[in-house]
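Here is how the chains run, residue by residue.
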Amino acid sequence: RTLRIGLIPGDGIGREVIPAGRRILESLPSSLGLKFDFVDLDAGYDHFKAFGTALPEKTVETLQKECDGALFGAVSSPTSKVAGYTSPIVALRKRLSLYANVRPCKTVLSPAFKSPSTSPIDLVIVRENTEDLYVKEERTYPDPNGDGQIAEAIKRISTQASRRIATIAGEIAVRRQKMRQKANGQAVQKEAMVTITHKSNVLSQTDGLFRSTAREALSAPAFSSLKIEEQIVDSMVYKLFLQPQYYDVIVAPNLYGDLLSDGAAALVGSLGLVPSANVGEGIVMGEPCHGSAPDIEGKGIANPVATIRSVGCMLEFLNQPEAADVIYNAVDEGLREGKFTSPDLGGKASTKEVTDDIVRRL
Ligand code: NAI
Ligand code: MG
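Residues numbered from 1 in each chain as written. Chains lettered and ligands numbered in written order. Predicted model: local features only at pLDDT ≥ 70, side-chain atom pairs only at ≥ 80, totals over all residues.

The name given to the chain in an unreviewed UniProt entry is homoisocitrate dehydrogenase, with the source organism recorded as Endocarpon pusillum. UniProt lists a comment for the chain under the heading Cofactor (unreviewed entry), and it reads "Mg(2+)". Checking UniProt for the chain, the heading Catalytic activity (unreviewed entry) contains the comment "(2R,3S)-homoisocitrate + NAD(+) = 2-oxoadipate + CO2 + NADH". (UniProt positions renumbered as here; feature names shortened; annotations may be inferred.)

Shown next, in the form of structure tokens:
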């Protein structure tokens, strides 16, 4: 089978790590029976500065019409407002109906580098990607009761979006449960579980709808092997930081999911390790969680692991779990041995050396 993959490096180290992702796809063992062809696509701030648009129509159309999957690097966003510029990643998620942002956070313990946790973390945050406060419907008006202004934002939660995000969280938890059983004691053992995160004690209508819809979706027979828990988001932060090893799959509305997943990335040691997949009804887009990292741009030392793991995430959601596993295992083995670690993990290896090492293991 040939899969067509759109490559969108974007800005900064996106241009250094996306080629590493491409090399991984090209180096997969032929016994997997997969072939890839690639199409290079533009997006980002540099493209905006040169051509006046951050997300060319051609990029969106090619992804919609031609591609099975995509790899997105990172884009820079200026700190002060620039007229006409909006972040292409937010627009892309919307245009391609990528309703779920799936972020696995996993530690590999190794004597070669220091990890903030002493026992391994292996959890997935499933973040709703289309609504909540991020519908960006804000307004500002004069305060009728005093001087100054009032600003407000809409928090929108729908049954449909809550149901589909809870369902995909349940499916991921079941798949992970089966993988752990298959790994036969070699994986970190834990109870298969989905934790629903919300604040319905205060926001009884919006988060209340998210909570009740997620509960209902997860009570389906397909999920009967899972433990379903819920956790109010502030104590969720507390427990996640105290005992991240406990968690399996966490499902959350957009804003809480954004905050929790960046926190979880800190717990596993480096932004350079954490991947994601944007998933919807059509195309699947892998994307490292980090940004364009201008402080290390052009030095050839960006950690490619987040992108390489994102290649695995993309393949997992393109129904190629075997290929995904081959990649995850090669990465974990490389990290465990720790001979080629990049400077963010305290090592000296370049982007190319880390990638070469993983390619060899494939
Ligand atoms: P960042 O993620 O780019 O960098 C944060 C820190 O982590 C830096 O010290 C960087 O060197 C380090 N780091 C990140 N990825 C690394 C890797 N693969 N290997 C080694 N070290 C790595 O976040 P920052 O500095 O806040 O933002 C820089 C730019 O990236 C901004 O313009 C921001 O808007 C953009 N950004 C874009 C995102 C996206 O495209 N999805 C996400 C986050 C930020
Ligand atoms: Mg974020």
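Quick word on unusual backbone geometry
At Lys-136, a residue that is not glycine, the phi angle is positive and equals roughly 55°. For Asn-319, which is not a glycine, the phi torsion comes out positive at approximately 60°. Along the polypeptide, Asn-319 turns up in the loop between helix H9 (305–317) and helix H10 (321–337). (Helix = DSSP H or I, 4+ residues; strand = E, 2+ residues; numbered from the N terminus.)

A short note on the pairing of strand E8 (residues 193–198)
With 5 of 6 residues buried, E8 lies mostly within the body of the structure. With helix H6 (residues 206–217) bridging E8 and the parallel strand E9 (residues 227–232), this β-α-β connection has right-handed handedness. When E8 meets strand E10 (residues 249–252), the two strands line up parallel, connected through 3 bridges. Bridging across to E10, Val-194 finds its partner in Val-249. (Buried ≥ 20, exposed ≤ 12 C-beta atoms within 10 Å, placed from the backbone. Right-handed = clockwise from strand over helix to strand, strands pointing away. Pairing = 2+ DSSP bridges.)

Brief notes about the site of ligand 1
Taken together, 20 residues surround ligand 1, and among them Ser-77, Gly-272, His-290, Gly-291 and Asn-303 come closest. Residues of the shell around ligand 1, tallied by class, amount to 10 nonpolar, 8 polar and 2 charged. (Near = placed C-beta within 6 Å. Nonpolar A, V, L, I, M, F, W, Y, C, P; charged D, E, K, R; others polar.)

Focus on the environment of Ser-224
Here Ser-224 lies in the loop between H6 and E9. As a C-alpha pair, Ser-224 and Val-174 span 50 residues in sequence and 9.4 Å in three-dimensional space.

Considering the nonpolar core
In terms of nonpolar packing, the biggest core is built from 98 residues, with Val-126, Ala-169, Val-251 and Ile-327 touching the most fellow members. Beyond its immediate chain neighbours, meaning those up to four positions away, Val-126 contacts Ala-100, Val-102, Ile-165, Ile-168, Ala-169, Ile-172, Val-249, Ile-250 and Val-251. (Core = buried A, V, L, I, M, F, W, Y, C linked by C-beta atoms within 7 Å. Contact = placed C-beta atoms within 7 Å.)

Observations concerning the packing of helix H1 (residues 14–26) against helix H11 (residues 351–361)
Contact pair H1 / H11: the axes reach a minimum separation of 10 Å and the direction vectors enclose 15°. With respect to H11, the element H1 is oriented roughly parallel. The chirality of how H1 crosses H11 is right-handed. Between H1, through Glu-16, Val-17, Ala-20, Arg-23 and Ile-24, and H11, the contact on the second element is made entirely by Thr-351, Thr-355, Ile-358 and Val-359. (Axes fitted to C-alpha atoms, helices over the stretch in contact; angles between N-to-C directions. Parallel < 35°, antiparallel > 145°, perpendicular 65-115°, else oblique. Left-handed = near helix turned anticlockwise from the far one by under 90°.)

Comments concerning helix H5 (residues 159–183)
Each α-helix winds once per 3.6 residues, and so residues spaced three or four apart point in a common direction. Taking 1.5 Å of rise per residue, the 25 residues of H5 would be expected to cover 36 Å, and the 36 Å separating its terminal C-alpha atoms lies within 8% of that figure. For H5, the complete set of buried residues consists of Ala-161, Ser-162, Ile-165, Ala-166, Ile-168, Ala-169, Gly-170, Ile-172, Ala-173 and Arg-176. Residues of H5 that are buried sit in contact with strand E4 (100–106), strand E5 (122–128), E8, H6, E10 and strand E11 (277–279). (Expected span 1.5 Å × (residues − 1).)

Side note on the pairing of E5
The side chains of a regular strand alternate, first on one face of the sheet and then on the other. Across the 7 residues of E5, 7 count as buried, placing the element largely inside the fold. Both faces of E5 are covered, namely the face carrying Asp-122, Val-124, Val-126 and Glu-128 and the face carrying Leu-123, Ile-125 and Arg-127. Relative to E5, E4 runs antiparallel, the two being bridged by 7 bridges. Along E5, the bridge assignment pairs Lys-106 with Asp-122. Of the strand pairs in this sheet, E5 and E10 are connected by 4 bridges, and their pairing is parallel. By the bridge assignment for E10, Val-126 is matched with Val-251.

Describing the environment of Glu-230
When you line up the elements, Glu-230 lands in strand E9. C-alpha separation for the pair Glu-230 and His-198, spaced 32 residues apart in sequence, amounts to 7.8 Å.

A closer look at the sheet that holds E5
The sheet built from 10 strands is open, its strands ordered E2-E1-E3-E12-E11-E4-E5-E10-E8-E9 with mixed pairing. With one partner strand each, in any of the chains shown, strand E2 (35–40) and E9 form the two edges of the open sheet. Across the sheet, the mean angle separating the axes of adjacent strands is 25° when strand polarity is ignored. Sheet strands in contact with helix H7 (residues 233–242) are E8 and E9, and its direction is about 105° off that of E9. Here helix H8 (residues 254–267) sits on the sheet and contacts E4, E5, E8 and E10; the angle it forms with E5, its principal contact strand, is near 155°.

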